[in-house]
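# Structural characterization, general
Take a look at the letters that make up each chain.
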Amino acid sequence: MIPGMRIDGLPGSPGVYLFKDGDDRIIYIGKARNIRDRVRSYFRDDVKDIKTRTLTETIHTVDFILTANEKEAFLLENNLIKQHAPKYNIDLKDDKSYISLKLTVKDEYPALFATRKIVDDGSLYFGPYPHARDVRDILKIIERLYPVRKCKITVFRKRKRPCMLFELGKCPGPCVMPVDATEYAGTIGEVRDFLSGRDEKVLKDIEGRIARKVAAWDFEGAQALKERYQAIKAMTEKQHVHEHFGKNRDAWAFSEGTGRVSLVVLTFRRGVLLSRRLYKERFFGEDPGEAIMTFLFQYYGSRPIPDEIILSEEMEDSDVLEKYLTERNKGPVKIMGPSHSGVRDMVRLAVENLHETEVLPLDESFRNTLRLRTVPRRIEIYDISHIGGQNPTGAFTVFKDFRPAKDQYRVFHVRSAETMDDVAMITEVLTRRVKNPDLGPLPDLFIIDGGKGQLAAAHRVLRANNVDRDVISIAKGERRRRMEDVIYVPARKNPLALPRASAVFKEIVKMRDEAHRFAVSSHRRWRRKENLK
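Reading guide: rules and limits
Residues numbered from 1 in each chain as written. Predicted model: local features only at pLDDT ≥ 70, side-chain atom pairs only at ≥ 80, totals over all residues. Heavy atoms only, no water. Helix = DSSP H or I, 4+ residues; strand = E, 2+ residues; numbered from the N terminus. Polar contact = N/O pair within 3.5 Å; in protein donor to acceptor, adjacent residues only side chain to side chain. Patch = residues over 30% accessible without salt bridge, like charges linked within 9 Å, V, L, I, M, F, W, Y side chains within 5 Å. Areas by Shrake-Rupley, 256 points an atom, 1.4 Å probe, with all protein chains shown as cover. Salt bridge = Lys/Arg side-chain N within 4 Å of Asp/Glu carboxyl O. Lys, Arg positive; Asp, Glu negative; His and termini not counted. Charge placed at Lys NZ, Arg CZ, Asp CG, Glu CD. Pairing = 2+ DSSP bridges. Axes fitted to C-alpha atoms, helices over the stretch in contact; angles between N-to-C directions. Contact = heavy atoms within 4.5 Å. Disulfide = S-S within 2.5 Å. Buried < 20%, exposed > 50% of the residue type's maximum accessible area, 1.4 Å probe, protein only. Phe/Tyr/Trp six-rings, centres within 6.5 Å; stacked < 30°, edge-to-face > 60°. pLDDT = per-residue confidence, 0-100. Parallel < 35°, antiparallel > 145°, perpendicular 65-115°, else oblique. Nonpolar A, V, L, I, M, F, W, Y, C, P; charged D, E, K, R; others polar.

### Comments concerning the side chain of Ser 502
Note on placement: Ser 502 falls in the loop between strand 18 (485–488) and helix 17 (503–532). A polar atom in the side chain of Ser 502 sits 3.3 Å from the backbone nitrogen of Phe 505.

### Considerations on a negative patch on the surface
A cluster of like negative charges, contributed by Glu 290, Glu 316, Asp 317 and Asp 319, occupies part of the molecular surface. Looking at the element boundaries, Asp 317 is found in the loop between strand 10 (308–311) and helix 12 (318–329).

### Let's talk about the sheet that holds strand 1 (residues 15–20)
Hydrogen bonds between backbone groups are what pair the strands of a sheet, and the pairing can be parallel or antiparallel. An order of 2-1-3 is seen for the 3 strands of this open sheet, with the pairing classed as antiparallel. Both outer strands of the open sheet, strand 2 (26–32) and strand 3 (61–66), are each paired with one neighbouring strand and no more. Averaged over all pairs of adjacent strands, the angle between their axes in this sheet comes to 20°, without regard to strand direction. In this sheet, strand 3 lies alongside strand 1 in antiparallel orientation, the contact comprising 6 bridges. Each residue of the ladder has a partner; that of Gly 15, found in strand 3, is Leu 66. Each of strand 1, strand 2 and strand 3 touches helix 2 (residues 35–42); the most contacted strand, strand 1, lies at about 35° to it.

### A closer look at the sheet that holds strand 6 (residues 124–129)
The strand order across the open sheet formed by 3 strands is 5-4-6, and the pairing between neighbours is antiparallel. Two strands lie at the open edges of the sheet, namely strand 5 (112–115) and strand 6, each paired on one side alone. For this sheet the average axis-to-axis angle between neighbouring strands, irrespective of direction, equals 20°. Here 4 bridges tie strand 4 (residues 99–103) to strand 5, and the two strands are oriented antiparallel to one another. Across the sheet, the residue bridging to Leu 103 is Leu 112, located in strand 5.

### A short note on the state of the cysteines
Inspection of every chain in the model, using the stated rule, returns 0 disulfides. Lacking any disulfide linkage, Cys 151 is separated from the closest cysteine sulfur, that of Cys 175, by 6.1 Å. Take Cys 171: it sits in no disulfide, and the sulfur closest to it among the cysteines is that of Cys 163, at 5.4 Å.

### Here we look at the pairing of strand 8 (residues 260–269)
Among the 10 residues that make up strand 8, 8 are buried, leaving the element largely enclosed by the rest of the structure. Inspection of the sheet shows strand 7 (residues 249–256) paired to strand 8 by 8 bridges, in the antiparallel sense. Bridging across to strand 8, Ser 255 finds its partner in Ser 262. Pairing of strand 8 with strand 9 (residues 272–282) involves 10 bridges; the strand directions are antiparallel.

### Some thoughts on the packing of aromatic side chains
Using the criterion set out here, one finds 22 aromatic pairs in the structure. Judged by centre distance (6.3 Å) and plane angle (75°), the rings of Trp 252 and Tyr 300 are edge-to-face. A residue pair is termed long-range when its members are at least 10 positions apart, and Trp 252 in strand 7 and Tyr 300 in the loop between helix 11 (288–299) and strand 10 qualify at 48 residues. Residue Trp 252 is classed as buried on the basis of its relative accessible area, which comes to 0%. For the pair Tyr 279 and Phe 295, a centre-to-centre distance of 5.3 Å together with 55° between the ring planes defines the contact as tilted. With Tyr 279 in strand 9 and Phe 295 in helix 11, this pair connects stretches of sequence that are 16 residues apart. Phe 295 matches Tyr 279 in its accessibility class, with the two residues each being buried.

### Re the pattern of salt bridges
Opposite charge on two side chains allows them to pair when their charged atoms are near. By the definition in use, this model includes 25 salt bridges. With a closest N to O distance of 3.9 Å, Asp 24 and Lys 20 form a salt bridge. Note that Arg 373 and Asp 470 form a salt bridge whose closest N and O atoms lie 3.1 Å from each other. With a gap of 97 residues between them, Arg 373 in the loop between helix 14 (362–370) and strand 12 (378–387) and Asp 470 in strand 17 (residues 470–476) connect regions that are remote in the sequence. Overall, the relative accessible area of 11% leaves Asp 470 in the buried class. Residues joined in a network through salt bridges with shared partners are Lys 20, Asp 24, Asp 63 and Arg 276.

### Things to note about a positive patch on the surface
On the surface, Arg 116, Arg 133, Arg 136 and Lys 140 cluster together into a patch of positive charge. Counting through the fold element by element, Arg 133 comes out in helix 5 (residues 132–145).

### Some words on the confidence of the model for the chain
Residues of the chain with pLDDT of at least 70 account for 88%, and the chain-wide mean is 81. The spread of mean pLDDT over the elements of the chain runs between helix 1 (residues 4–8), the lowest at 71, and strand 16 (residues 445–449), the highest at 94.

### Quick look at the packing of helix 11 against helix 12
Working note: a packed helix pair is described by the angle between its axes plus the distance between those axes. Between helix 11 and helix 12, whose axes approach to 11 Å, the crossing angle comes to 5°. Between helix 11 and helix 12, the angle falls in the class roughly parallel. Packed against helix 11, whose contacting residues are Met 293, Leu 296 and Phe 297, the element helix 12 presents Ser 318, Val 320, Leu 321 and Tyr 324 at the interface. Across the contact of helix 11 with helix 12, the residue classes break down as 6 nonpolar, 1 polar and no charged.

### Concerning helix 13 (residues 344–352)
In terms of residue burial, helix 13 counts as a mostly covered element, since 8 of its 9 residues are buried. In the core, the buried residues of helix 13 are packed alongside strand 3, helix 4 (70–84), strand 7, strand 8 and strand 10.

Spelled out as structure tokens, the structure:
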């Protein structure tokens, strides 16, 4: 039986959970939108199903692999059940694979159709997808938007007259009719973009139609369009746990604590995610990067070497490790950091899987995860708000024992700094704060809303005023379209690798959002007064 505290420490995120017995054998694999809630449901007192009770009495430990969405969880569950054949899972005797879409780009007039058989014949495959009904819905939409042939090559070559799809205007009939090859190739290019998730024109069109239906009080029609929208969204949503004809890869993520480093590796073989392993190592000295590289050298000294190794951080000696593994493997091995194109989503997935089930008080988790000098009892979060440099406002909010102390929030009207220079503004605000003892005691931790520039400025202000306190910053990542929050700490090149499902990350985001709300509302009040004058 799993202790309740350990269940509470599980992530509340989508993924796959693995129940193990006392001999560390996997006995059940399941998928969930929220792993913690799903696992907890097995251990409710009102569970009467004898099969479930028998399973729970056998469970000794629970492991998990986090995914970006439910779609990935579906596919990963299927892959892991096939690999491990757990005792309590349904035995899939037909071994049916998930469905994919095949675009035969090597043909003179390419076709698009659904298939479960994957053949390396030069065609493009999209998927796999967990639900066949979604694939059928998408094919119907593509028939209406993009007239391309749907028949397989054996049928295509034998046709003497066009089929019904030609009569309905859903196929140009290249089997028997003269078709402009260039124009057809352009249509195939649009289909490829649509299925790759790079064309949002269709989704925007459906959004507009839904709005018009709602305005006309046609809620049934709007619901039907909404279901179509969700089907397309799910179809074009990318997943990173199953790749057709993929490479052998290991994706690593690292998290540093006080005197220890956590390492997680996601093992992909031929593009399929097969396992997650978490390691904890102690290190001595100031450089955890050296301990990480030593671990990797030892790890691959006795294990199979993949074609590619992906690291969540740039490492100084990665080129040395790459040469060493290439010589051992007697074939090329490529090591890629987080800035390498095409690996960021995989790095983020690995970072998410750094989540540990240890249950610690939040203040201790802050201290260990962020490597702080002391447990943060008082935290101040700083934000700057302005519109085009007009009425720039700086504000800080206060959290005591992780609860907002709203009576100690403060606002600064920025006067001296350059109106478009956020770094100069944060410098002015923080300088005025540390030099004014009437604003309350200095916090144990400063959190700055901004990137490396704002963090460096805040660090300089604290050193110049002999303030020995911890400081970090939180900012939107480089890919602002996806609005990813990243955390920076002083004297560190890379952002801090924190799982979004971790309590520390969620608390920092919550406090930053409160500071942003307060700064924006204060800025609006000042702007209204100035406009009134």
